[in-house]
Amino acid sequence: MPTPVPRLRLGVNIDHVATIRNARGGRHPDPVRAAKLAVAAGCDGITAHLREDRRHIRDDDIARLKAEIDKPLNMEMAATEEMLRIAIATRPHAVCLVPEKRTERTTEGGLDAVKHKAELKPVVYALKHAGIRVSLFIGAQPAQIEAAAELGAPVVELHTGSWCDALMTERAAEANAEWELLHAGAVLAQSFGLEVHAGHGLDYASAETIAALPQVVELNIGHFLIGEAVFEGLAETVRFMRAAMDRGRGRA
Ligand code: PXP
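The structure displayed is predicted, hence computed values, not measured ones.

**Q** Whenever I open this one, the layout of surface pockets confuses me. Can you help?
**A** The method is simple in principle: a probe with the dimensions of a water molecule rolls over the atoms, and the space it marks as empty is what remains. Approximately 830 Å³ is the volume found for the largest pocket. Along its surface, the largest pocket is lined by 31 residues, and His16, Thr106, His200, Gly201 and His223 are the ones closest to its centre. Breaking the lining of the largest pocket down by element, the ones donating at least two residues are α1 (15-24), β6 (155-159), α7 (161-168), β8 (216-221) and α10 (223-232). Sort the elements by how many residues they give to the lining of the largest pocket and α7 lands first, with five residues. There is about 270 Å³ of room inside the second largest pocket. As for the second largest pocket, its lining consists of Val17, Ile20, His28, Pro29, Asp30, Arg33, Ala34, Leu37, Ile226, Ala229, Val230 and Leu234. Counting only elements with at least two residues in the lining of the second largest pocket, the list comes to α1, α2 (31-40) and α10. Here the residues of the lining of the second largest pocket are counted per class, giving nine nonpolar, one polar and two charged.

Structure (structure tokens):
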């Protein structure tokens, strides 16, 4: 009997609703309203990144998301003392630890779990101890996956940014190499007993492709969905994304 393919969850990242709100400094558009709409349209969870510089999501957005959304909240954050304090006080369903540089436009690479093992260890431990599911946002290199497993993180989120960039700019050889890395990484992570998520730069086509990897159980997608919502509306965009993921999953 073949093993059944697990359901693929869609986490909608609403950071860039807050980016638009903050452009005018007021309350509109409200990321919590967007999160509720995404939930009503069929997503499985909401993701929000509380950056140290608060450039999009702010502390009270995280508190309101936790209080008002009836789907799991995945809080992305740097492994700092301040963020750990906020996460433990808020108790989101999950925390995804990400690297953060103030000068970057977005999370440009994965965490270096090999180099920063000593700093990550107490943060992973404290979050797990608080009953929060921890994931590490890493590249799919075997050394990173091994380090995540050694750190005791139950989940890894594989950074799909380089693969998506190569696809977008039609660098086929690079896209193939990145895809092979992701595929092998997903298999290796699962062999260590890690739950495998993926995200960064995904659109309908790349989400459909990666949905065919049966090891991957969650995709976290933000920028494309919020951008596309300008044309199609957020609910329709979430439904189209769900359909693309279901098509891909059908080939798993
Ligand atoms: N996953 C993680 C860990 C991220 O940091 C981000 C970007 O905030 C995403 C997923 C979503 O990436 P994108 O906005 O490109 O879809």
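Anyway, onward from the coordinates.
**Q** Whenever I open this one, the packing of α2 against helix α3 (residues 59-68) confuses me. Can you help?
**A** If you want to describe how two helices pack, look at the angle between their axes and the distance between the axes. Closest axis-to-axis distance for the α2/α3 pair is 10 Å, and the angle between their directions is 30°. Once α2 is placed against α3, the crossing between them reads as right-handed. Here α2 contributes Pro31, Val32, Ala35 and Lys36 to the contact with α3, which in turn contributes Asp61, Arg64, Leu65 and Glu68. Tallied by class, residues from the contact of α2 with α3 come to four nonpolar, no polar and four charged.

**Q** Looking at this structure, how should I read unusual backbone geometry?
**A** The general pattern is negative phi for most residues beyond glycine and trans for most peptide bonds. A cis amide bond links His28 with the next residue in sequence, Pro29, at an omega value of -5°. Among the secondary structure elements, Pro29 is positioned in the loop between α1 and α2. One non-glycine residue with positive phi stands out, namely Glu170, at about 55°. With a phi angle near 110°, His200 is a residue other than glycine that sits in the positive phi range. Along the chain, His200 falls in the loop between β7 (195-199) and α9 (204-210). With relative accessibility at 22%, the residue His200 sits in the partly exposed group.

**Q** For this particular structure, what's the right way to read the sheet that holds strand β3 (residues 73-77)?
**A** Hydrogen bonds along the backbone pair up the strands of a sheet, which may run parallel or antiparallel. In space, the eight strands of this closed barrel follow the order β1-β2-β3-β4-β5-β6-β7-β8, with parallel pairing throughout. Taken over all neighbouring pairs, the strand axes of this sheet differ in orientation by 25° on average, direction set aside. With four bridges joining them, β7 and β8 adopt parallel strand pairing. Note on β8: the bridge partner recorded for Val196 is Val216. In this fold α3 packs onto β2 (45-49) and β3, with an angle of close to 160° to the strand it touches most, β3. The sheet strands contacting helix α6 (residues 142-151) are β5 (133-138) and β6, and the helix crosses β5 at an angle near 160°.

**Q** So what exactly am I meant to see when it comes to the site of the ligand here?
**A** Around the ligand, a shell composed of 14 residues is seen, among which Glu76, Glu157, Gly201, Gly222 and His223 lie nearest. A distance of 3.1 Å is found between an oxygen atom of the ligand and a side-chain nitrogen or oxygen belonging to Glu76. Between the ligand and His223 there is a distance of 2.8 Å, counted from an oxygen atom to a backbone nitrogen or oxygen. Protein contacts shield 94% of the accessible area of the ligand, which totals 390 Å² for the unbound molecule. Of the residues belonging to the shell around the ligand, the class tally is four nonpolar, seven polar and three charged.

**Q** Would you mind showing me how to read the pairing of strand β1 (residues 9-13) here?
**A** Looking along a regular strand, one sees side chains alternate from face to face of the sheet. Counted residue by residue, β1 has four buried out of five residues, so it is predominantly covered. The sheet contact formed by β1 and β8 spans four bridges and is parallel. Opposite Val12, over in β8, you have Ile221 as the bridge partner. Alignment of β1 against β2, held across three bridges, turns out to be parallel. By the bridge assignment, Val12 is partnered in β2 with Ile46.

So, how was this worked out
Residues numbered from 1 in each chain as written. Predicted model: local features only at pLDDT ≥ 70, side-chain atom pairs only at ≥ 80, totals over all residues. Heavy atoms only, no water. 1 Å grid on protein atoms, 1.4 Å probe; cavity = no way out; pocket = protein on both sides within 12 Å on 5 of 7 lines; lining within 4 Å. Points joined across faces, edges and corners; volume = space filled by probe spheres on them. Helix = DSSP H or I, 4+ residues; strand = E, 2+ residues; numbered from the N terminus. Nonpolar A, V, L, I, M, F, W, Y, C, P; charged D, E, K, R; others polar. Axes fitted to C-alpha atoms, helices over the stretch in contact; angles between N-to-C directions. Left-handed = near helix turned anticlockwise from the far one by under 90°. Contact = heavy atoms within 4.5 Å. Buried < 20%, exposed > 50% of the residue type's maximum accessible area, 1.4 Å probe, protein only. Pairing = 2+ DSSP bridges. Near = heavy atom within 4 Å. Polar contact = N/O pair within 3.5 Å; in protein donor to acceptor, adjacent residues only side chain to side chain. Areas by Shrake-Rupley, 256 points an atom, 1.4 Å probe, with all protein chains shown as cover.

Interpretation note: all reported values are geometric properties and have no functional meaning in isolation.
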